[in-house]
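Residue-level structure breakdown
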Amino acid sequence: MDSRTRGLWMAVGAFVLWGLMPLYWHLLKSVPSLQVVLHRALWSALLVAAFLTLTRGRGWLRAVFAQPRLAGMLLASGLLIGFNWSLYVWAVNAGHVVETSLGYFINPLLNVVIGVVFLRERLQPAQWVAVALAACGVLWLTFNYGSFPWIALALATSFAFYGLIRRQAQVDAVAGLGVENLYLLVPAAALLAWLELGGQGGFTDVRWGWGSNLLLVLGGALTALPLIGFAYAVRQVSLTTVGLLQYLAPTLQLLCGVLVFGEAFDRDRAIGFAVIWAGLAVFAIDGFIRSRRRVVAQQA
């Protein structure tokens, strides 16, 4: 399996995990959203740092901080993903799963635009059709949503620029994630300690139960895995392809919101999502045809 194919499958796996995340965070609804995010940052940082130290020694951290520009880029990407996590967890547990799915439907479109504008990626005619259909669907959803979808737009923008920075940062996926998380570790640990000492926490005294404590710790691993896959994918696959594949995650989130959590999904939303899915179908068919042509050309 070549690196591009690996990157493609890593992207698919990451987006499926992200799509099913609302089910996981909903299990922690009894825990304040801020503390869920702080634990997510803390345990993700500790788990990734421990893995890197055991497999590579302490040199992985020195190698990054020896490059000030790279360290600065990872600080920026760490702040972006920290903001994204915070808003997402709050939105899920506040009953806005469908709007979060709208955000991640908008996000791939922003990635495509960024790929064309900043990275000079070129789209084939069928890809332009797919992007145009997706844009029409997103515009329909935005203007027929009933209120300004600030959650969706904030999630989409923060993650689009996170992907751009990680694509340009010359560091492997796991080490980059480790440094990003270390930037968040100290403030997360300090705030958690303050909350626990002030009686507002519930982890050390097991107020939320052992099951919730375990879920908070495992949330660090579930945070790291798709981010590693995504960071690897954006280095191996064009940002345009990654952007369009990302519709997997919001589709699953939408299904979770409607079928599991019982959120509203009226006719206007159904029309917008159907137009977006039509764009995905065009992209998928075009990709299949191009793949077959490459195989035939190699066999000739």
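Below or above, wherever it landed, is the structure these notes cover. Position labels on residues start from 1 in each chain and follow its written sequence. In keeping with the predicted nature of the model, local features appear solely for residues at pLDDT of at least 70, side-chain atom pairs appear and are counted solely at 80 or more, and the whole-chain, interface and lining totals rest on all residues. Based on all heavy atoms of the structure, the side-chain values leave hydrogens and waters out of the count.

**Looking at the packing of helix H5 (residues 97-117) against helix H6 (residues 125-143)**
Two numbers describe a pair of packed helices, the interaxial angle and the distance between the axes. Note the following rule: Fitted lines through C-alpha atoms serve as axes, helices being fitted only where they are in contact, and the angles separating the N-to-C directions of these axes extend from 0 to 180 degrees. Here a helix means four or more residues in a row that DSSP labels H or I, a strand means two or more in a row labelled E, and each is numbered from the N terminus. Angles below 35 degrees are treated as roughly parallel, those above 145 as roughly antiparallel, those between 65 and 115 as roughly perpendicular, and all remaining angles as oblique. Each crossing is labelled by how the near helix is turned from the far one, with a counterclockwise turn of less than a right angle marking it left-handed and a clockwise turn marking it right-handed. Whether two residues touch is decided by their heavy atoms; if any such pair falls within 4.5 Å, the residues are in contact. Polar here means any residue outside two lists: the nonpolar Ala, Val, Leu, Ile, Met, Phe, Trp, Tyr, Cys and Pro, and the charged Asp, Glu, Lys and Arg; Gly therefore counts as polar.
Where H5 contacts H6, the axes come no closer than 10 Å and their chain directions differ by 140°. The angle between the axes of H5 and H6 places the two elements in the oblique class. In terms of crossing hand, the pair formed by H5 and H6 is left-handed. Taking contact as the criterion, the partners of Leu102, Phe105, Ile106, Leu109 and Val112 in H5 are, on H6, Val131, Ala135, Val138, Leu141 and Thr142. A per-class count over the contact of H5 with H6 returns nine nonpolar, one polar and no charged.

**Considerations on unusual backbone geometry**
For residues besides glycine, phi is generally negative; the peptide bonds are generally trans as well. A positive phi is found at Val206, a non-glycine position, where the angle reads about 55°. Along the chain, the position of Val206 falls in the loop between helix H8 (173-197) and helix H9 (210-236).

**Thoughts on the pattern of salt bridges**
Once the charged atoms of two side chains with opposite charge are near each other, the side chains can pair. Put simply, the test is: The working definition used for a salt bridge is a side-chain nitrogen of Lys or Arg within 4 Å of a carboxyl oxygen of Asp or Glu. Exposure categories follow from relative accessible area, calculated using a 1.4 Å probe and restricted to protein chains: below 20% of the type maximum is buried, above 50% is exposed, and the middle band is partly exposed.
For the structure shown, the criterion picks out three salt bridges. One salt bridge connects Arg166 with Glu180, and the closest N-O pair in it is separated by 3.2 Å. With a gap of 14 residues between them, Arg166 in helix H7 (residues 150-168) and Glu180 in helix H8 connect regions that are remote in the sequence. Pair check on accessibility: Arg166 and Glu180 agree, each one buried. Linking Asp205 and Arg207 is a salt bridge whose minimum nitrogen-to-oxygen distance equals 3.3 Å. On the basis of relative accessible area, Asp205 is assigned to the partly exposed category, the value being 44%. For Arg207, a relative accessible area of 46% corresponds to the partly exposed category.

**Brief notes about H7**
Side chains that are three or four residues apart share a direction in an α-helix, a result of its 3.6 residues per turn. So the rule is basically this: What a helix should span is 1.5 Å times the count of its residues minus one.
Under the 1.5 Å per step criterion, the end-to-end length of H7 is 27 Å for 19 residues, consistent within 8% with the ideal 27 Å. Among all positions of H7, only Ile151, Ala152, Leu155, Ala156, Ser158, Phe159, Ala160, Tyr162, Gly163, Leu164, Ile165 and Arg166 are buried. Contacts made by the buried residues of H7 are with helix H1 (3-26), helix H4 (68-93), H5, H8 and H9.

None of this, on its own, says anything about what the molecule does.
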